[in-house]
Number of protein chains: 2
Amino acid sequence: MWPGEAHSIKVEKILYKEKSEYQEVLVFESLTYGKVLVLDGIVQLTEKDECAYQEMIAHLPLCSILSPKTVLVVGGGDGGVLREISRHSSVEHIDICEIDKMVIDVSRKFFPELAVGFDDPRVHLHVGDAIEFLRRAPEGRYDAVIVDSSDPVGPAQELVEKPFFETISKALRPGGVLCNMAESMWLHTHLIQDMISICRQTFKGSVHYAWTSVPTYPSGVIGFLLCSTEGPHVDFVNPINPIEKLEGADKRGRKLRFYNSEIHSAAFALPAFLKSEVRLLRDYSRQ
Amino acid sequence: MWPGEAHSIKVEKILYKEKSEYQEVLVFESLTYGKVLVLDGIVQLTEKDECAYQEMIAHLPLCSILSPKTVLVVGGGDGGVLREISRHSSVEHIDICEIDKMVIDVSRKFFPELAVGFDDPRVHLHVGDAIEFLRRAPEGRYDAVIVDSSDPVGPAQELVEKPFFETISKALRPGGVLCNMAESMWLHTHLIQDMISICRQTFKGSVHYAWTSVPTYPSGVIGFLLCSTEGPHVDFVNPINPIEKLEGADKRGRKLRFYNSEIHSAAFALPAFLKSEVRLLRDYSRQ
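The present account deals with the structure reproduced in this document. (Residues numbered from 1 in each chain as written. Chains lettered and ligands numbered in written order. Predicted model: local features only at pLDDT ≥ 70, side-chain atom pairs only at ≥ 80, totals over all residues. Heavy atoms only, no water.)

1. Some points on the nonpolar core
Burial of nonpolar side chains together is a common tendency in soluble globular proteins. Counting residues in each nonpolar core, the largest one holds 162 residues, and the members touching the most others are I85(A) and I85(B). With sequence-adjacent residues up to four places away left out, I85(B) is seen in contact with A58(B), L62(B), V71(B), V73(B), V91(B), I94(B) and I146(B). In terms of nonpolar packing, the next biggest core, distinct from the first, is built from 12 residues, M102(B), V103(B), V106(B) and F110(B) among them. (Core = buried A, V, L, I, M, F, W, Y, C linked by side-chain atoms within 4.5 Å. Buried < 20%, exposed > 50% of the residue type's maximum accessible area, 1.4 Å probe, protein only. Contact = heavy atoms within 4.5 Å.)

2. A short note on the interface of chain B and chain A
Much of the literature gives interface size as the accessible area that the parts lose upon coming together. If you look at the interface, chain B gives 39 residues, while chain A gives 39 residues. Carbon and sulfur atoms make up 58% of the area that chain B and chain A hide from each other, which totals about 3000 Å². A salt bridge links E262(B) to K275(A); its shortest N-O distance comes to 2.6 Å. On inspection of chain B and its partner chain A, the count reaches 24 residue pairs in polar contact (both at pLDDT 80 or more). Residue assignment for the side of chain B that touches chain A shows that the elements contributing at least two residues are β1 (5–9), α1 (50–62), β11 (207–213), α8 (261–266) and α9 (272–277) of chain B. In terms of residues, the side of chain B that touches chain A owes the most to one element, β1(B), which gives 5 residues. Split by residue class, the side of chain B that touches chain A holds 23 nonpolar, 8 polar and 8 charged. As paired elements, strand β1 (residues 5–9) of chain A and β1(B) share 5 bridges and run antiparallel to each other. Directly across from H7(A), in β1(B), lies its bridge partner H7(B). (Buried area = accessible area lost by both parts, 1.4 Å probe. Salt bridge = Lys/Arg side-chain N within 4 Å of Asp/Glu carboxyl O. Polar contact = N/O pair within 3.5 Å; in protein donor to acceptor, adjacent residues only side chain to side chain. Helix = DSSP H or I, 4+ residues; strand = E, 2+ residues; numbered from the N terminus. Nonpolar A, V, L, I, M, F, W, Y, C, P; charged D, E, K, R; others polar. Pairing = 2+ DSSP bridges.)

3. Here's the deal with the side chain of T212(B)
All names here are of chain B. Along the chain, the position of T212 falls in strand β11. Overall, the relative accessible area of 2% leaves T212 in the buried class. In this structure T212 touches A52, M56, G220, V221, I222, F224 and F258, once residues within four positions along its chain are discounted.

4. What to know about the sheet that holds strand β6 (residues 70–75) of chain B
All names here are of chain B. As summarised here, the arrangement of the 7 strands in space is β8-β7-β6-β9-β10-β12-β11, forming an open sheet in which the pairing is mixed. A strand with exactly one partner marks an edge of an open sheet, and here the two such strands are β8 (123–127) and β11. Averaged over neighbouring strand pairs, the angle between their axes works out to 15° when direction is ignored. Pairing geometry for β11 and strand β12 (residues 221–228), over 7 bridges, is antiparallel. Looking at the pairing, W211 lines up with G223 of β12. (Axes fitted to C-alpha atoms, helices over the stretch in contact; angles between N-to-C directions.)

5. Brief notes about the environment of A272(B)
Topologically, A272(B) is positioned in helix α9. For the pair formed by A272(B) and V145(B), sequence separation is 127 residues and the distance between their alpha carbons is 29 Å. Beyond its immediate stretch of four places on either side in the chain, A272(B) contacts L256(A), R257(A), F258(A), Y259(A) and N260(A).

6. Section: the layout of surface pockets
To find leftover empty space, one rolls a probe the size of a water molecule over the atoms. Taken as a whole, the second largest pocket spans an internal volume of roughly 670 Å³. Elements with a contribution of two residues or more to the lining of the second largest pocket: β1 and β5 (42–46) of chain A together with β1 and β5 (42–46) of chain B. Among the elements that make up the lining of the second largest pocket, the one with the highest residue count is β1(A) (5 residues). When the residues that make up the lining of the second largest pocket are grouped by side-chain class, the tally is 22 nonpolar, 11 polar and 2 charged. (1 Å grid on protein atoms, 1.4 Å probe; cavity = no way out; pocket = protein on both sides within 12 Å on 5 of 7 lines; lining within 4 Å. Points joined across faces, edges and corners; volume = space filled by probe spheres on them.)

7. So, the pattern of salt bridges
Scanning the entire structure with this criterion turns up 26 salt bridges over all chains. Where R254(A) meets E113(A), a salt bridge forms, and the shortest distance between an N and an O atom there is 3.5 Å. Of this pair, R254(A) sits in the loop between β12 (221–228) and α8 (261–266) while E113(A) sits in helix α4 (residues 112–115), placing them 141 residues apart in sequence. Salt-bridge contacts for E47(B) lead to K35(B); the nearest nitrogen and oxygen are separated by 3.7 Å.

8. Things to note about the sheet that holds strand β3 (residues 24–30) of chain B
Residues and elements named next belong to chain B. Spatially, 4 strands are ordered β2-β3-β4-β5 in an open sheet, and the strand pairing comes out antiparallel. With partners counted over all chains shown, the strands left at the sheet margins are β2 (11–19) and β5, one partner each. Sheet twist, expressed as the average angle between the axes of neighbouring strands with direction ignored, equals 20°. As judged from the 7 bridges shared by β2 and β3, these two strands associate in the antiparallel manner. Counterpart to K19 in the pairing with β3 is E24.

Okay, here's the thing in structure tokens:
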């Protein structure tokens, strides 16, 4: 997905390497980024910078709606997104649908700081195919859906296609929100353009793109597609459910390391090249 | 400066490799980033992403003050910062002090899109030591000083020390501004803390940190230290001299590729870990 460049992290020790039913799962101890989880050769997270990704993908959508109660996580088998969702006391029910049980087991063993997310009693784990799971979900079931998938190769390929977004849209309540991992603005503008185009057809509320810095992802950034269904207006850029009340530590004493309200709004400021290349002009959202 | 990791860019062809009086200068054609300039083994710029760095380091300070007229660039021998300063029609005089003539010559030969900055008749080139140049500068000479140095190893070592910042402060008019390249928030928090601490003693106006995404810099980000001298208040976060009037093409038809007003303000939103690690709390600035 990123020809012509490579990012290398020095391996101190390989801790785990197995082939699951879906992919190769690798964990190693690095010199400066802590432990690293790699799926099919692609870095998924490091202990040093996972905070940026997990906090942004969880709080961008959940701080944009009042009192989120029911949340679905697609993928996210490491548990980090669950850990962040748990900070929201309004949440009553969290479904997570991860296809690869080995990712969960590996995270429980090597990344307890992330897998701790599974220990929340509000969490209901479903190991299986997310598209099947979403098809069976009652219409309007969720306030928020968070798609924490790997890149759209291998098991995640279907997760950038229109039927997938349509099932998500149906599973959301009116004015419900989707936050979908959406690649690098520097490397994958065409993929981003495709996703935005599909989501614009599918989500009748608004469609926004946000980005943040994650050093160990290609080009050092990762994007998020934020969409809302028809219904009560969602102002993604100026969150209605600000995080300040969460800025203390969570129940386990873990403070937010990356996210805050300013970072939330700032994430929607897009470079000139992205605005023109993916035609993400103001009239692109239906606000 | 960044142990335990490496970023590799595929070399298609080495175009130039010489030792100057100060450093090793290398230019190569890459597979996906265009031509790349490397000094002492450290990537300085690539054609693909130079826009982010050059536009931010120039427009963050120049859009923060009304009608900048006199500007000094320290380093910046590739000419890219000059190209961006040239967009500001209020500017009457631009001094640039670059220590290594080979960088200028190489840029003229291999990076005409950047070196074009030298062709502006307002530009006055001084090849030599910036600290000497600043010592001889009349007090209060400049509205803005932009320090586009390489990392503080080799010839740029003195450029993070207190005497350097003091000479800059003296060379600025009251309410004048400094924008200084300031490393990666993910990798060099101690260096950033040191620079902020020195600048807080030296600049009696305000001291702010901003950052942006540059894929080919270590950890994919670069920071900027924005300081103002005592005098008319400078609101760096909400620029008084907005760029909208510049958003068309410059005289040569080159549009802004990265910078816009939203990106300007967003650059000052800092992650939670940086706020706590470098104690960049609100009371840190003198606003």
